Amino acid sequence: PLLCYKRHQLGGRGGKKEGAQAGEGGERRPPSPAPPSGQPPWQEIRAEGLNCDYRLLFGKAEADEIFQRLEEEVEYFKGKGREMTKLHVFGKWHDIPRKQVTYGDPELTYTYSGVTFSPKPWIPVLNRIRDRIALDTGHTFNFVLINRYKDGGDHIGEHRDDERELVPRSPIASVSFGACRDFVFRHCDSRGKNATRHMKPIKLQLAHGSLLMMKYPTNVYWYHSLPIRKRVLAPRINLTFRKVMTVAKK
Ligand SMILES: O=C(O)CCC(=O)C(=O)O
C-alpha cells in the first residue's frame, strides 16, 4: 500500500512524514543523514539496474507558488503544425493524453516522432527550478520537457527516455507539482507476453514539490509510466530536466 501524505497534496495542510513512498519491488534504504541546510533527506530507491534518489525539493508554500506561476507562464504546444501533440501508434495518429512543451538552450535541437524541433527559450520560473536542482545536486541541465496532466485521466504510457539525444550517463531530474500521482517503473525483462523473468514493478508516488533523480543506468533497464488514476481530479505538472547533446550545426 502506498500513501501520499496530505502535506504533499495540493491544498494539503501539513503532515508529519516526508519523502518517497517506494512501493512493491523497490528497496528503500534508510535515508542518508539530513543535509546541513535542514532540507529533507534523500531517499535512495534501488533495485537491479535501478538507481534513483527522491526528496522534497520545495516546501508547500513555495511549491504552491511555483505551480501557480507554471500555470500562468508555460505555453504548451497547441497542435498546430507538427508539434508534439500527436502520437503514432499502430499506423494511426492520436492526440497525446496530456499537454506537452519543451524549453531549453537556443542551440539545441531534439527529435520527436522523426521530426526535429527547437525548444522554446527559458523563462524565469523554469530557470529558478533548474538552478535549484543544480544547487542541490551539482548537476546542470540544458533542456526541460514539461508534461501537464489535467486530471487522473491524463497519463503517459510505458517508455524509456531516448538516450541517443542525452549526454551519456547523465541523470534526468524529474520535478512534480500539483496532484500526487502514482509513477511506475517496470524492468525491460518483465514486460508483457514476452517477459523472460518476473520482477516486481516499482511503484512510487511523486508528491507536490518533489524531485526524483533518475540516474544511470535506470533508463537502460527500466521503463516508466504515469498510469491513469480516475480518482485524481486535480492537475499535475511534471518537468524532466535533461542534458541533451549539443550537435554542431552545419
Ligand atoms: O509525469 C511524469 O512523472 C513522467 C514524465 C515522463 O515519463 C517523461 O518525461 O519521460
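Residues numbered from 1 in each chain as written. Predicted model: local features only at pLDDT ≥ 70, side-chain atom pairs only at ≥ 80, totals over all residues. Heavy atoms only, no water.

Under an unreviewed UniProt entry, the name given to the chain is DNA oxidative demethylase ALKBH2, and the source organism is Calidris pygmaea.

A. The arrangement of helix H1 (residues 60-73) in detail. Across its 14 residues, H1 extends 20 Å between first and last C-alpha, which sits within 8% of the 20 Å expected from 1.5 Å per residue. Taken residue by residue, H1 has Ala63, Ile66, Phe67 and Leu70 as its buried positions. Considered in projection along H1, the buried side chains sweep an arc of 105° and stay on one side of the axis. Exposed residues pointing more than 90 degrees away from the buried face of H1 are listed as Ala61 and Glu72. On its buried face, H1 sits against helix H2 (124-137), strand S11 (172-178) and strand S16 (236-242). (Helix = DSSP H or I, 4+ residues; strand = E, 2+ residues; numbered from the N terminus. Expected span 1.5 Å × (residues − 1). Buried < 20%, exposed > 50% of the residue type's maximum accessible area, 1.4 Å probe, protein only. Arc of directions from axis to C-beta. Contact = heavy atoms within 4.5 Å.)

B. Examining the UniProt feature "binding site: 2-oxoglutarate" (unreviewed entry) in the chain more closely. Look at the UniProt record and you will see "binding site: 2-oxoglutarate" (unreviewed entry) annotated at Asn147, Tyr149, His159, His224, Arg236, Thr240 and Arg242. Mapped onto the fold, Tyr149 is located in strand S9 (residues 143-149). Look past the residues within four positions of Tyr149 in its chain and what remains in contact with it is Arg98, Asp154, His155, Ile156, Arg181, Leu226, Ala234, Pro235, Arg236 and Asn238. Note that Arg242 resides in strand S16. Arg242 has contacts with Phe141, Asn142, Phe143, Leu145, Asp161, Leu166 and Ile172, leaving out every residue within four places of it along the chain. (UniProt positions renumbered as here; feature names shortened; annotations may be inferred.)

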